[in-house]
Amino acid sequence: GAVVSQHPSRVICKSGTSVKIECRSLDFQATTMFWYRQFPKQSLMLMATSNEGSKATYEQGVEKDKFLINHASLTLSTLTVTSAHPEDSSFYICSAPLPFNPGAEAFFGQGTRLTVV
Amino acid sequence: QKEVEQNSGPLSVPEGAIASLNCTYSDRGSQSFFWYRQYSGKSPELIMSIYSNGDKEDGRFTAQLNKASQYVSLLIRDSQPSDSATYLCAVPPSNDYKLSFGAGTTVTVRA
């Protein structure tokens, strides 16, 4: 399958600081990427859809000013958690579907475990 | 009605048995159906894709699709302890890249 790489895999930050998470498609161009959050023993929750060259689309209840998404190239999307608080501690995962074919397979990055202290 | 629903878990099976996972979906226009496996603390991994009615086999995994009934299932034959994980059914709506996930079914294979 295609490869999606996410970095860092684990980060600990102080409350009030910002954290940037990178998601790269290594062997295909991803015009669209998705960002999810997952709390322990819960299912994936879609946060936003990242579109190359345009603004991200956020799901209801997700603060766009807190979770900044940039998709500046066809292989890279970044999620920045601004002014992080302990309640933002979670597992953040990106995914990228194969392009040009709605309904195509999507591949996930390794995930980022964020702990805010 | 949720877009994708999975049979409630957790599911516990003895080693060597068949684990059966079920999923229903609401969008009749959906054409692609996926099963992902997620180990605890890890991200989901695609294990099966199915696009046509009928069965698709890959090793010990068999996916079954019935579009008329809006039903897709996953069978794990000869279950192994390494199969213990949460299995997610995912269905993209017609003409959309966005995946709708079921809540997942946690499978435990007892040695």
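The coordinates are above.
In what follows, the accompanying structure is described.

Conventions adopted
- Residues numbered from 1 in each chain as written.
- Chains lettered and ligands numbered in written order.
- Predicted model: local features only at pLDDT ≥ 70, side-chain atom pairs only at ≥ 80, totals over all residues.
- Heavy atoms only, no water.
- Core = buried A, V, L, I, M, F, W, Y, C linked by side-chain atoms within 4.5 Å.
- Buried < 20%, exposed > 50% of the residue type's maximum accessible area, 1.4 Å probe, protein only.
- Helix = DSSP H or I, 4+ residues; strand = E, 2+ residues; numbered from the N terminus.
- Contact = heavy atoms within 4.5 Å.
- Buried area = accessible area lost by both parts, 1.4 Å probe.
- Salt bridge = Lys/Arg side-chain N within 4 Å of Asp/Glu carboxyl O.
- Polar contact = N/O pair within 3.5 Å; in protein donor to acceptor, adjacent residues only side chain to side chain.
- Pairing = 2+ DSSP bridges.
- Axes fitted to C-alpha atoms, helices over the stretch in contact; angles between N-to-C directions.
- Disulfide = S-S within 2.5 Å.

So, on to the nonpolar core. With 25 residues, the main nonpolar core has Val 4, Trp 35, Phe 67, Leu 79, Tyr 92 and Leu 114 of chain A as its most contacted residues. Going through the elements one at a time, β2 (10-13), β3 (19-25), β4 (32-38), β5 (45-51), β7 (67-73), β8 (76-81), β9 (90-97) and β11 (112-116) of chain A are the ones with two or more residues in this core. If you look at the next biggest cluster of nonpolar residues, it comprises 23 residues, including Trp 35, Val 72, Ala 85 and Val 109 of chain B.

This part is about the interface of chain A and chain B. Taken together, the 27 residues of chain A in the interface contact 21 residues of chain B. Together chain A and chain B conceal approximately 1,600 Å² of surface at their shared face, both sides included; 59% is due to carbon and sulfur atoms. On the chain A side of the contact with chain B, Gly 103, Glu 105 and Phe 108 of chain A bury the most area, a combined 28% of that side's loss. The interface formed by chain A and chain B contains one salt bridge. Measuring nitrogen to oxygen at the nearest pair gives 3.1 Å for the salt bridge that ties Glu 59 of chain A to Lys 98 of chain B. The interface formed by chain A and chain B contains six residue pairs in polar contact (both at pLDDT 80 or more).

Residues and elements named next belong to chain A. Evaluation of the coordinates by the stated rule reveals six salt bridges over all chains. For Asp 88, the salt bridge goes to Lys 66, with nearest N and O atoms at 2.8 Å. Of this pair, Asp 88 sits in the loop between β8 and β9 while Lys 66 sits in the loop between β6 (57-58) and β7, and the two are 22 residues apart along the sequence. The class of Lys 66 is buried, set by a relative accessible area of 11%.

This brings us to the pairing of strand β4 (residues 33-38) of chain B. All names here are of chain B. Of all six residues that make up β4, six are buried, and the element is covered over most of its length. Relative to strand β5 (residues 45-50), β4 runs antiparallel, the two sharing five bridges. Bridge pairing links Trp 35 to Met 48 in β5. What sits between β4 and β5 in their antiparallel hairpin is a turn of six residues, with Gly 41 showing a positive phi close to 80°.

With that settled, consider the sheet that holds β7 of chain A. Residues and elements named next belong to chain A. Here four strands make up an open sheet; going across it, the order is β1-β3-β8-β7 and the pairing antiparallel. Only two strands of the sheet have a single neighbouring strand rather than two, namely β1 (4-7) and β7. Within the sheet, the average angular offset between the axes of one strand and its neighbour, ignoring direction, is 15°. In terms of strand pairing, β3 meets β8 through six bridges, oriented antiparallel.

Let's shift gears to the state of the cysteines. Per the stated rule, a full pass over the model turns up two disulfides over all chains. In this model, Cys 23 of chain A is linked to Cys 94 of chain A through a disulfide, with the two sulfur atoms separated by 2.0 Å. Across the disulfide from Cys 23 of chain A to Cys 94 of chain A, rotation about the S-S bond amounts to roughly 80°, and the bridge is consequently right-handed. Within this pair, whereas Cys 23 of chain A is found in strand β3, its partner Cys 94 of chain A is found in strand β9, the two being separated by 71 residues in sequence. Look at Cys 23 of chain A and you get buried, because its relative accessible area is 0%. Disulfide partner of Cys 23 of chain B: Cys 89 of chain B, at an S-S distance of 2.0 Å. On the S-S bond that ties Cys 23 of chain B to Cys 89 of chain B, the torsion sits near -70°, and the link is left-handed. Placement of the pair is Cys 23 of chain B in strand β3 (residues 19-25) and Cys 89 of chain B in strand β9 (residues 85-91), with a sequence separation of 66 residues. By the burial criterion, Cys 23 of chain B is buried, and Cys 89 of chain B matches it. No disulfide involves Cys 13 of chain A; its sulfur sits 18 Å from that of Cys 94 of chain A, the nearest cysteine.

Take Arg 113 of chain A: it is sitting in strand β11. C-alpha of Arg 113 of chain A to C-alpha of Gly 1 of chain A: the two residues are 112 residues apart in sequence and 24 Å apart in space. Ignoring any residue separated from it by four or fewer positions in sequence, one finds Arg 113 of chain A in contact with Ser 9, Arg 10, Val 11, Ser 90 and Phe 91 of chain A together with Gly 41 of chain B.

The values reported here are purely geometric and, on their own, carry no functional implication.
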